[in-house]
Amino acid sequence: EASSPQTRALFARWAAGRTGYPWVDAGMRQLASEGWMPHLLRQMCAAFLVRDLRVPWRWGAEWFERHLLDHTPDANYGNWAYRI
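Please read these numbers as outputs of a predicted model, since none were measured by experiment.

Novice: Give a description of helix H4 (residues 57–67) that names residues and reports values.
Specialist: Taken as a whole, H4 has its buried residues at Gly-60, Ala-61, Trp-63 and Phe-64. Along H4, the residues classed as buried sweep out an arc of 160° about the axis, all on the same side. Looking at H4, the residues exposed on the side facing more than 90 degrees away from the buried face are Arg-58 and Arg-66.

Novice: Report on unusual backbone geometry, specifying residues and quantitative values.
Specialist: Among all residues except glycine, the phi angle is most often negative; among peptide bonds, the trans geometry is most common. With a phi angle near 60°, Arg-54 is a residue other than glycine that sits in the positive phi range. With respect to the helices, strands and loops of the structure, Arg-54 is situated in the loop between helix H3 (39–52) and H4.

Novice: Summarise the nonpolar core; cite the residues concerned and give the values.
Specialist: Generally speaking, soluble globular proteins have nonpolar side chains that are buried together. Among the nonpolar cores identified, the biggest contains 21 residues, and Trp-14, Met-28, Trp-63, Phe-64 and Trp-80 are the most heavily contacted of them. Listing elements by their share of this core, those giving two or more residues are helix H1 (5–16), helix H2 (22–34), H3 and H4. Per element, the largest residue contribution to this core is six residues, and it comes from H3. In contact with Trp-14, not counting residues within four places along its chain, are Thr-19, Val-24, Met-28, Cys-45, Phe-48, Leu-49, Leu-53, Gly-60, Trp-63, Phe-64 and Trp-80.

Parameters and conventions
Residues numbered from 1 in each chain as written. Predicted model: local features only at pLDDT ≥ 70, side-chain atom pairs only at ≥ 80, totals over all residues. Heavy atoms only, no water. Buried < 20%, exposed > 50% of the residue type's maximum accessible area, 1.4 Å probe, protein only. Helix = DSSP H or I, 4+ residues; strand = E, 2+ residues; numbered from the N terminus. Arc of directions from axis to C-beta. Core = buried A, V, L, I, M, F, W, Y, C linked by side-chain atoms within 4.5 Å. Contact = heavy atoms within 4.5 Å.

Here's what the structure looks like:
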């Protein structure tokens, strides 16, 4: 279920860069510290959140919106909706 405590906990671990998957964690920590990450890493972290953790994609899109310095709504939401 999208709003279950387990889903919220998985999202919190993803957002903090504490999933246990080094490439996801590195990307999310870079986003938190620098406000940026390479485009391919954005797609990989997004896919992991949605496909592996089964967290709603809009949660990730909103997280990226709040943290990316180069955020634009069309690119952010377009990539999340298209790729995921």
